[in-house]
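# Chain and residue survey
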Amino acid sequence: MSYQPPIRDQLFLLRDVLELERYAALPGFADASLDVVEQILEEAGRFAAEVLAPLNRVGDRQGCRWSPDNSVATPDGFKAAYGQLVAGGWPALSADPAYGGQGLPAVVNMAFQEMSSAANMAFSMYPGLSHGAYAAIRAGGSPEQKDLYLPNMAAGRWTGTMNLTEPQCGTDLGLLRTRAVPQADGTYRISGQKIWISAGEHDLVENIVHLVLARIEGAPEGVRGISLFIVPKFIPDAAGAPGVRNSVKCLGLEEKMGIHGNATCVIGHEESTGWLLGEANQGLRLMFVMMNEARLGVGLQGVAQADAAYQAAARFAKERLQGRSLSGPQNPDGPADPIIVHPDVRRMLLDARAIVEGGRAFMFWTALHGDLAHASPDEAVRTKAADYMALLTPVVKGFLTDRGFKVCSDALQVHGGAGFTEGFPASQHLRDCRIALIYEGTNGVQALDLVGRKLPAQGGRAMGAFLAELDGFLAAEKANVELAPFVQGLAGARAQLQEATFWLMQHGLANPEDAGAASTDYLHLFGLTALAYMWALMARAAQGRVAAGDPDPLYANKLIVGRYFLERVLPDTGAHLAKLKTGAAPLMALPAEAF
């Protein structure tokens with residue numbers, strides 16, 4: 001038995017926790033009745049389990065193949081699977097109907113993307129990266145650019161990339177050297193080299209749309225002089241079809257630890273033809289549209305790979321016979337008990353369940369606010385939702401990938417020596433997941449972004465709204481006896497998060513090194529508090545189902561796992577608070593030459 005899509009858990013979140021039907025009057029939600037959503041998820045689960053999951057190992061073993069003509073062949077079966085993806089309309093699920101999309105809420109698309117990424121992370125990156133490029137063109141493109149590129153990208157006929165990183169610069173984009181020389185016809189000649197370009201070249205589609213950061217000749221140095229350009233692999237002709245080949249070349253593929261089925265390319269721009277996207281020297285603004293889309297997608301990868309790894313580990317733990325239970329044989333007719341009887345194995349599996357289920361809820365809750373930021377007619381709701389998206393994006397990306405990788409590591413540990421071999425899936429999940437902590441801004445950068453930019457934005461308005469929402473929930477549920485452990489757990493985490501925030505306000509301004517030293521622990525404290533809120537919301541919904549006499553064990557099990565989170569995972573908040581309050585002194589005391 002391979003990957004099992006978490007359809008019932010996703011439906012529980014959409015129906016009982018987020019109450020999706022409350023938003024039926026909003027654009028996009030009217031076509032997302034729960035009956036329709038259930039049908040979508042069932043079909044998405046079938047596609048993920050039956051089409052994508054069987055190719056996961058193929059992609060890992062075979063990888064992509066580069067040829068001297070600068071072409072790249074994807075692993076066997078990927079092209080046929082991509083054809084099924086397009087035929088099923090999956091790339092268009094949440095795209096704008098004005099450009100051929102289905103216009104469904106992003107939170108519904110999030111459910112599909114989770115299943116796709118869990119089943120085959122490398123494959124899912126080909127269409128997944130197009131979302132960021134699509135969003136940037138939609139946000140900054142001219143009407144002509146939108147009409148040309150968006151329908152093709154929404155349909156999945158063309159895919160998109162982000163050409164940001166160069167050999168001499170990653171996060172510090174002010175150091176980039178790629179140049180753009182204006183031409184008389186309004187185009188630009190783009191010259192430079194980009195590295196680590198996911199899906200930069202492949203054989204799945206008829207055209208690839210590169211979005212390239214470059215500096216226009218004569219532009220200011222540093223980030224103030226960066227522009228963004230559309231550079232297609234094939235230049236569209238007068239009819240909008242792929243025409244002549246642009247001078248964009250894949251110079252080679254990276255040898256990587258994981259995601260072997262995705263082409264990670266070195267891209268050479270040799271006076272390639274490009275079109276300015278948005279305004280000159282304003283490329284970073286549109287780049288962050290791409291990056292924020294990608295960062296949410298990476299956070300989702302952390303949850304998705306953790307779930308796939310957990311599923312494999314749980315199956316192994318129920319089948320692997322070794323030793324006897326400490327309380328006496330549980331399998332008396334066999335030579336040994338299954339290892340799931342052992343408390344330490346259960347610890348690793350329950351840690352995984354607590355993070356995966358809480359993380360999934362956090363992703364869906366965040367995605368719903370992304371929908372409300374665009375669709376709500378209430379300006380206050382739109383403002384709050386947009387503030388949440390800005391504040392929570394680094395938390396989603398950093399916390400869920402850190403914790404997701406820990407789940408994958410524990411899943412390998414459950415397998416024991418078998419997990420360290422390639423005969424089981426545990427090693428691939430661990431290798432594939434590891435990149436999620438690095439790309440689209442390392443998790444250390446996410447933590448710095450959170451404390452340095454997102455917390456103080458608009459005078460701390462977003463953080464104030466988040467804490468106020470927690471206070472509202474706590475006040476509303478303080479008399480709910482059945483929910484008391486969840487209310488108390490959330491209240492304690494909320495108090496620690498506020499204490500940490502005040503500490504940063506007092507010490508970070510006086511000494512920026514203190515803020516930097518505290519940033520990662522603060523991000524994790526924030527993430528645990530967010531999951532405490534998600535578990536409280538899920539517990540309230542599950543308790544309601546149990547009280548109504550619903551016999552489905554999903555709800556009773558949800559309460560059990562939630563209590564585990566409170567008692568065994570949430571106490572980590574205290575350690576993070578204690579560490580961050582030590583400031584920078586312990587980190588900076590050792591001279592650099594002593595390392």
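These notes cover the structure that comes with them. (Residues numbered from 1 in each chain as written. Predicted model: local features only at pLDDT ≥ 70, side-chain atom pairs only at ≥ 80, totals over all residues. Heavy atoms only, no water.)

## Observations concerning the overall build of the protein chain
Put simply, the test is: Numbered from the N terminus, helices here are DSSP runs of H or I no shorter than four residues, and strands are runs of E no shorter than two. We compute the radius of gyration from the C-alpha atoms alone; for a globule the expected value is 2.2 Å times N to the 0.38, where N is the number of residues. For the exposure calls, accessible area comes from a 1.4 Å probe over protein chains only, and a residue counts as buried if that area is under 20% of its type's maximum, exposed if over 50%, partly exposed in between. Here, Shrake-Rupley sampling with a 1.4 Å probe gives the accessible areas, and only protein chains in the shown set may cover a residue. In this tally, Lys and Arg are treated as positive and Asp and Glu as negative; His is ignored, and so are the chain termini. For the purpose of locating charges, the reference atoms are NZ of Lys, CZ of Arg, CG of Asp and CD of Glu.
A count of helices and strands for the protein chain gives 17 helices and eleven strands. Against the compact-globule benchmark of 25 Å for 595 residues, the protein chain has a radius of gyration of 24 Å, which places it among compact chains. The C-alpha extent of the protein chain, read off along each of the three principal axes, is 80 × 60 × 60 Å. For the protein chain, the proportion of its 595 residues judged to be buried stands at 57%. In the structure as shown, the protein chain presents an accessible area of about 23900 Å², 55% of it carried by carbon and sulfur atoms. Side chains of the protein chain give 50 positive and 62 negative charges; the mean places of these two sets differ by 3 Å.

## Remarks on unusual backbone geometry
At Ala 199, a residue that is not glycine, the phi angle is positive and equals roughly 60°. Within the fold, Ala 199 resides in the loop between strand E5 (188-198) and strand E6 (207-216). For Ala 199, a relative accessible area of 0% corresponds to the buried category. Of note in the backbone geometry, Ile 259 takes a positive phi value of approximately 40° without being a glycine. By the secondary structure assignment, Ile 259 is in the loop between strand E10 (248-253) and strand E11 (264-277). For Ile 259, a relative accessible area of 5% corresponds to the buried category.

## Focus: the nonpolar core
Note the cut-off: Among the buried residues, those of types Ala, Val, Leu, Ile, Met, Phe, Trp, Tyr and Cys that are joined through side-chain atoms within 4.5 Å form a nonpolar core. Working rule for contacts: check all heavy atoms of both residues, and any pair within 4.5 Å makes them a contact.
The biggest cluster of nonpolar side chains holds 167 residues, and the ones touching the most others in it are Phe 362, Trp 365, Tyr 522, Phe 526 and Phe 565. It is helix H14 (residues 512-547) that provides the largest number of residues to this core, a total of 19 residues. Setting aside chain neighbours within four positions, we find Phe 362 in contact with Leu 392, Val 395, Val 396, Leu 400, Ala 530, Leu 531 and Met 534. Residues Ala 133, Leu 228, Met 287 and Met 290 belong to the second largest nonpolar core, which totals 29 residues.

## Some remarks on the environment of Ile 339
Along the chain, Ile 339 falls in the loop between helix H7 (283-319) and helix H8 (343-375). Taking the C-alpha atoms as reference points, Ile 339 and Pro 220, 119 residues apart in sequence, are found 62 Å from one another.

## Digging into the pattern of salt bridges
Quick note on the threshold: When a carboxyl oxygen of Asp or Glu is within 4 Å of a side-chain nitrogen of Lys or Arg, the pair counts as a salt bridge.
For the structure shown, the criterion picks out 34 salt bridges. Ionic pairing is found between Arg 15 and Asp 16, a salt bridge with its closest N-O pair at 2.6 Å. Exposure remark for Arg 15: the relative accessible area of 29% places this residue in the partly exposed category. Where Asp 307 meets Arg 360, a salt bridge forms, and the shortest distance between an N and an O atom there is 3.1 Å. A residue pair is termed long-range when its members are at least 10 positions apart, and Asp 307 in helix H7 and Arg 360 in helix H8 qualify at 53 residues. Both residues of the pair, Asp 307 and Arg 360, belong to the buried class. Sharing partners across several salt bridges, the network here consists of Asp 9, Glu 114, Asp 307, Arg 353, Glu 357, Arg 360 and Lys 558.

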